[in-house]
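Here is how the chains run, residue by residue.
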Amino acid sequence: MVDILPNIAGKKVYKMIGKRSGETHFDAIVIGSGMGGMCCATALAKYGKKVLVLEQHYLPGGYTHMFTRKGYSWDVGVHAIGEMGGNTQTARMFNWLSDKGVNWISLGEDYDSFIYPDGYKIAFPNDKNEYIRRLKEDFPDETEKLDEYFKLVKKAAHEAKSYFAFKLLPEKIDSAFSRINHKFQKDWWEATAEDVLQEMGLSEKLITVLTAQWGYHGNIPNEASFAIHALIVNHFAWGAYYPQGGSKSIASALLSQVENAGGETLCRAFVEEVLVEGNKAVGVRLKTGEKFYAPKIISAIPAKKTVENLIPSSFKNTPWAKEISKIPDSPPYLCLHMGFKGDIKKAGAKSTNMWFMNTYSREKKLWDISDPNSIIDILYVSFPSLKDPEHNPGEEMIHTGEAVTFVPYDIFEKWKNSDYGKRDQSYKDFKNQIEKRIIDHLKERIPDIMQYLDFVELSTPLTSEHFVEVVKGAIYGLDSSPARFACKKLRPRTPIKGFYLSGVDITTTGVMGGMTAGLITAATIEPKVIRHLL
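Residues numbered from 1 in each chain as written. Predicted model: local features only at pLDDT ≥ 70, side-chain atom pairs only at ≥ 80, totals over all residues. Heavy atoms only, no water.

## Here we look at the overall build of the protein
This is how it is decided: The helix count covers DSSP runs of H or I at least four residues long, the strand count covers runs of E at least two residues long, and both are numbered beginning at the N terminus. Relative accessibility decides the category of a residue: with a 1.4 Å probe and only protein chains considered, values under 20% of the type maximum give buried, values over 50% give exposed, and everything between is partly exposed. Whether two residues touch is decided by their heavy atoms; if any such pair falls within 4.5 Å, the residues are in contact. Computed with the Shrake-Rupley method and a 1.4 Å probe, the accessible areas treat only the protein chains shown as cover for residues. Counting rule for charge: Lys and Arg are taken as positive, Asp and Glu as negative, and neither His nor the chain ends is counted. For the purpose of locating charges, the reference atoms are NZ of Lys, CZ of Arg, CG of Asp and CD of Glu.
Of the regular secondary structure elements, the protein holds 18 helices and 23 strands. Overall, the protein is about 65 × 60 × 45 Å in size when its C-alpha atoms are taken along their principal axes. A burial count over the protein gives 60% of its 534 residues as buried. Across the protein, contacts joining residues at least 24 apart in sequence account for 74% of those joining residues at least 6 apart. Of the roughly 21500 Å² of accessible surface on the protein, 50% is carried by carbon and sulfur atoms. Taken as two groups, the 67 positive and 65 negative side-chain charges of the protein have centres that lie 7 Å from each other.

Dropping the structure here:
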């Protein structure tokens, strides 16, 4: 069984709240140990700050933590990370934070494979030039437009970076600089991917293929900002990677830096309130009543939960809080965690992610699970045990797989006030029905692999709410629409002195979006961090 606990040389990099050191005063307190929280805490620790990280779950890491069932282990949210090969800006930032403590393994020549209902298939390779060649081979009448498209993507991805830089500034200065900036270059954040590609005159099928990776940010093309589309294309231009040892190696490498600087990471530490005196944050109070104090308090939990739950009531009705609260969320999701016994590699499984697209429609996002006859429009399938060279399948040939799709939240609302592990039989029956439908679908798609299926466990939006405290089971935090990126309230600084926001909601989606957010927040507090963003 894979060791799922974040550790360095067998020593855990976190403690349970009951085993804390007794220290109550710190230089900074970070609420939430997702990627944004861990990276913010680590960056501050590297500049001598004694940081306390508080996590409500019994494991740190947020969507980067792992779990195990009956000898099988899975990552919760790390499947494919781009830009970790070579000397990219992303790799430099992470290597500085982690002291090069994570070994990133390439998913191979092809990292994603898309299969459409008419049998059309296209694999996305780890070489941008090869990707362009494949597209031109499949769309010979649109070669010139493809050249134009990739030039536009490169331009948009480059020009979109000012969005991140301006986050370091106070809101009013950001607004002024943004207005000036957009007089000289297009605001790629305000246009949708659909609008931009339609204006280019691309064929419908080509638009569908070029936007197929919308699952990495959660918004279909007519909802998603073109800037996030361009950044995703750029992110995976040279392939995708996976952390050796599984995603827990990320928390191991980052939180050990916090501990080395005299800080702590405490789990089962549910923060109920940020303590504010006058207009200044001074500490936090846990659900248990315990209090911790610091001159800098950072909330790296979802922005909506921050403004609706953590801050004093006098701030909850301010324009700042109201504007954040009205932004829609990214879609909820289901994940079927699968355990296999047998040679799934020989049966056709690879480290390449598989996307089963059962429609060419770009308007289908959520699987209508309330309809027993509905098909799964988009199903992502991954085999993490084949990505990790540390995985030892043993004599039984133990392997793991995951199948992910997006669903509406409303069908789960009837159980939202029930407790994890104590939900009634109707919930269990509903989960069993969903499991069977996904398994049946996979048996049609990959029958040779599915013959080795030994174990399954389904996570629902309620599971995500319980373990990682997301809003309505959202897979990526807030949605990736132009409206979200136009919100100037989503930034490190808040109206409360000494209180800051971090996490994916203030930047963009995904593991590296969280890392960038953590660094930006840390740089807002400690300007020396800025050099590591360059």
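## Side note on the pairing of strand E12 (residues 240-243)
The test is simple: At least two bridges found by DSSP between two strands are what make those strands a pair.
Of the two faces of E12, the one lined by Ala240 and Tyr242 and the one lined by Tyr241 and Pro243 are each fully buried. The sheet contact formed by strand E8 (residues 81-82) and E12 spans 2 bridges and is antiparallel. Of the residues in E12, the one forming a bridge with isoleucine 81 is tyrosine 241. Looking at chain direction, strand E9 (residues 104-106) and E12 are connected through 3 bridges and run antiparallel. Among the inter-strand pairings, serine 106 is bridged to a residue of E12, identified as tyrosine 241.

## A look at the sheet that holds strand E16 (residues 291-293)
Here is the rule we go by: Helix axes are fitted to C-alpha atoms over the stretch in contact, other axes to C-alpha atoms as well, and angles between N-to-C directions run from 0 to 180 degrees.
With respect to topology, 3 strands assemble into an open sheet ordered E14-E15-E16, the strand pairing being antiparallel. Strand pairing shows two members of the sheet lacking a second neighbour, strand E14 (271-277) and E16, which therefore form its edges. If you compare each strand with its neighbour and ignore which way they point, the axes differ by 30° on average. Across 6 bridges, the pairing between E14 and strand E15 (residues 280-286) is antiparallel.

## Quick look at the side chain of serine 502
What counts here: Within 3.5 Å is the distance limit for a polar contact, defined as a pair of N or O atoms, with the added protein rule that one can donate a hydrogen and the other accept it, and that residues adjacent in sequence qualify only through two side-chain atoms.
On the secondary structure map, serine 502 appears in the loop between strand E23 (499-501) and helix H18 (511-525). A polar atom in the side chain of serine 502 sits 3.2 Å from the backbone oxygen of alanine 517. In this structure, serine 502 is in contact with Gly36, Cys40, Ile298, Ser299, Ala300, Ile301, Ala517, Gly518 and Thr521, ignoring residues within four places of it in sequence.

## Observations concerning the state of the cysteines
How we decide: The disulfide definition used here is simple: a pair of cysteine sulfur atoms within 2.5 Å.
Applying the stated criterion across every chain yields a total of 0 disulfides. The thiol of cysteine 267 is unpaired, and the distance to the nearest cysteine sulfur, on cysteine 39, comes to 16 Å. Free cysteine cysteine 487: the closest other cysteine sulfur is in cysteine 40, separated by 19 Å.

## Regarding unusual backbone geometry
Phi is mostly negative for residues that are not glycine, and the peptide bonds are mostly trans. For lysine 70, which is not glycine, the phi torsion reads 50° and is therefore positive. Topologically, lysine 70 is positioned in the loop between strand E6 (66-69) and strand E7 (72-75). For methionine 397, which is not glycine, the phi dihedral falls at a positive 55°. Note that methionine 397 resides in the loop between strand E20 (378-382) and strand E21 (398-406).

## Examining the pattern of salt bridges
Counted only if it meets this: The salt bridge criterion pairs a side-chain nitrogen of Lys or Arg with a carboxyl oxygen of Asp or Glu, the two atoms within 4 Å.
Applying the stated criterion across every chain yields a total of 26 salt bridges. Of the charged contacts in the structure, one is a salt bridge between arginine 491 and aspartate 174, with a shortest N-O distance of 2.9 Å. A residue pair is termed long-range when its members are at least 10 positions apart, and arginine 491 in the loop between helix H17 (482-486) and E23 and aspartate 174 in helix H6 (residues 171-184) qualify at 317 residues. Taken individually, arginine 491 and aspartate 174 each receive the classification buried, so the pair is uniform in this respect. Here glutamate 273 and arginine 285 are joined by a salt bridge, their closest N and O atoms 2.9 Å apart. You can see glutamate 273 sitting in strand E14 and its partner arginine 285 sitting in strand E15, a full 12 residues away along the chain.

## Overview of the packing of helix H2 (residues 89-98) against H18
Our working definition: Rotating anticlockwise by less than a right angle from the far helix to the near helix defines a left-handed crossing, while the corresponding clockwise rotation defines a right-handed one. Any residue outside Ala, Val, Leu, Ile, Met, Phe, Trp, Tyr, Cys, Pro, Asp, Glu, Lys and Arg is labelled polar, Gly included; the first ten of those are nonpolar and the last four are charged.
Across the interface, H2 lies against H18 with an axial gap of 11 Å and an inter-helix angle of 65°. Crossing hand, H2 versus H18: left-handed. Touching Thr90, Met93, Phe94, Trp96 and Leu97 of H2 are Met512, Met515, Thr516 and Leu519, all from H18. Residue classes in the contact of H2 with H18 are distributed as 7 nonpolar, 2 polar and no charged.

## Regarding the environment of glycine 34
Tracing the sequence through the fold places glycine 34 in the loop between strand E4 (28-31) and helix H1 (35-45). A relative accessible area of 19% means that glycine 34 is categorised as buried. In the structure, glycine 34 is positioned 217 residues away from alanine 251 in sequence and 8.9 Å away in space, judged by C-alpha atoms. Look past the residues within four positions of glycine 34 in its chain and what remains in contact with it is Gly61 and Gly62.

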